[in-house]
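Each chain is listed here by its residues.
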Amino acid sequence: MRVALALCALAACGGPGSGSEVDGGLVDGQSPDSPDAPPGCARPSLDAPWLRGQLTTNLAQLAGAPRSTATQRATARTFLSAQLMSYGWTPMRHDYPGGQNVYATIPATMGGTGKEIIVGAHFDTVAGSPGANDNASGSVVVLAIARYLADVPCRNAPVTVVLFDQEETGLFGSRAFAQQRLPADVRAVHTIDQVAWDNDGDRRFELEAPSAALEAEWRAAAQVVGVPVTKTTTQGTDHEAFRDRGFSAMGLTEEYVGGDTSPFRHQAGDTPATVNVDYLVLAAKLSAQVVLQEVAP
Ligand SMILES: [Zn+2]
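Residues numbered from 1 in each chain as written. Predicted model: local features only at pLDDT ≥ 70, side-chain atom pairs only at ≥ 80, totals over all residues.

K.L.:
Can you explain the sheet that holds strand S3 (residues 116-122)? Please cite residues and give values.
P.N.:
The strand order S1-S2-S4-S3-S5-S8-S6-S7 describes an open sheet built from 8 strands, whose pairing is mixed. Strand pairing shows two members of the sheet lacking a second neighbour, strand S1 (92-96) and strand S7 (229-232), which therefore form its edges. Pairs of neighbouring strands in the sheet enclose a mean axial angle of 25°, with direction left out of account. Examined bridge by bridge, strand S2 (residues 99-106) and strand S4 (residues 159-164) share 5 bridges and lie antiparallel to one another. Bridge assignment links Thr105 to a residue of S4, and that residue is Thr160. Docked against the sheet, helix H7 (residues 277-295) engages S3, S4, strand S5 (186-192), strand S6 (205-208) and strand S8 (249-253), running at close to 175° with respect to S5. (Pairing = 2+ DSSP bridges. Helix = DSSP H or I, 4+ residues; strand = E, 2+ residues; numbered from the N terminus. Axes fitted to C-alpha atoms, helices over the stretch in contact; angles between N-to-C directions. Contact = placed C-beta atoms within 7 Å.)

K.L.:
With reference to specific residues and values, describe the confidence of the model for the protein chain.
P.N.:
When pLDDT is averaged along the protein chain, the result is 89; 88% of the residues meet or exceed 70. This model gives residues 1-33 a pLDDT under 50, and the stretch forms 70 contacts once residues within four places in sequence are excluded. (pLDDT = per-residue confidence, 0-100.)

K.L.:
Could you give an account of the pairing of S3, naming the residues involved and the relevant values?
P.N.:
One face of the sheet, then the other: side chains in a regular strand alternate in exactly this way. Within S3, 6 of the 7 residues are buried, which leaves the element mostly enclosed by the surrounding structure. As defined by bridge partners, S3 adjoins S5 across 5 bridges and the pair is classed as parallel. By the bridge assignment for S5, Ile117 is matched with Ala188. Note that S3 and S4 share 6 bridges and pair parallel. Within the sheet, the bridge partner assigned to Ala121 lies in S4 and is Leu163. (Buried ≥ 20, exposed ≤ 12 C-beta atoms within 10 Å, placed from the backbone.)

K.L.:
Go over the environment of Phe172 with me, naming the residues and quoting the values.
P.N.:
Considering the arrangement of structural elements, one finds Phe172 in helix H4 (residues 172-178). Each C-alpha atom, one on Phe172 and one on Tyr96, is 8.7 Å from the other, the two residues being 76 residues apart in sequence. Not counting residues within four places of it along the chain, the set of residues in contact with Phe172 comprises Gly98, Gly99, Asp165 and Gln166.

K.L.:
Explain the packing of helix H1 (residues 51-62) against helix H3 (residues 132-149) residue by residue, including any values.
P.N.:
Across the interface, H1 lies against H3 with an axial gap of 9 Å and an inter-helix angle of 135°. By the angle class used here, H1 and H3 are oblique. With respect to the hand of their crossing, H1 and H3 are arranged in right-handed fashion. Residues Leu51, Gln54, Leu55, Asn58, Leu59 and Leu62 of H1 touch H3, and the partners they reach there are Ala132, Ala136, Ser137, Ser139, Val140, Leu143, Ala144 and Arg147. Along the lines of polarity and charge, the residues of the contact of H1 with H3 split into 9 nonpolar, 4 polar and 1 charged. (Parallel < 35°, antiparallel > 145°, perpendicular 65-115°, else oblique. Left-handed = near helix turned anticlockwise from the far one by under 90°. Nonpolar A, V, L, I, M, F, W, Y, C, P; charged D, E, K, R; others polar.)

K.L.:
So what's going on with the packing of helix H5 (residues 212-225) against H7? Which residues, and what values?
P.N.:
How two helices sit against one another is set out by the angle between their axes and by the gap between those axes. Running from N to C, H5 and H7 cross one another at 125°; their axes reach a closest spacing of 9 Å. Taken as axis vectors, H5 and H7 run oblique relative to one another. Judged by the twist between their axes, the crossing of H5 over H7 is right-handed. Facing H5, whose interface residues are Glu217, Trp218, Ala220, Ala221, Ala222, Val224 and Val225, H7 presents Leu282, Lys285, Leu286, Gln289, Val290 and Gln293. By residue class, the composition of the contact of H5 with H7 is 9 nonpolar, 2 polar and 2 charged.

So, in structure tokens, the structure goes:
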């Protein structure tokens, strides 16, 4: 729709070669860890050795087939579920009339009382488009977050990663999922849609309709990752479904308002060949940093 618009092996984490986003402001070797993280609670490096390969492979797999019809979407769900399972999480199906979301709730490890954090992206496409950017890109970022979280030993809140069905036909999946939760039980909902186009090379992302608190969280994460961000008021995608029901929700996207968004949206040309993998990696790091800030001390 959108009309207006880690299992990072411990030995491989944080080693040589990590933290090299000098250009964007992240000092070489800088850790995303909080300086007062308890012993044994170190976060994984954002520069996970698997990140780029996983994003690329998953995007090619998802965008290898359209995800419009019921059968096509079921095939995509099978793939997404298998990925979540491979990181150690238990994929669940959320049925609603007409469709089915896939999600996994990654529990807190610290017995804390932190409210749930929801991170989601729609996996469906319009007919006739492979949907590499819209929205295999957001889907693979959500999968990457799920994998990062497998390597976060100290989590003080549950995180639900969810792949929404039927965004393109009217936010049906996200609206149905929002009805499964109460705003009072959820700290934040982050949705990710179209994050693999950066033709002007400025690495800028847009934050769609964030509250002041969420905007501050994302700006802090953007500083760690070294990317510029702009706040917009764009609606029309999954975060709107949650905000309509009173949740603290916002979206991440490429420069949709800023005029640097994929010209192939909803077209046959939205293929893996036309996405910007460097930018997609930045989207994953930025989103993961937000979630790590929220769940890991
Ligand atoms: Zn989309």
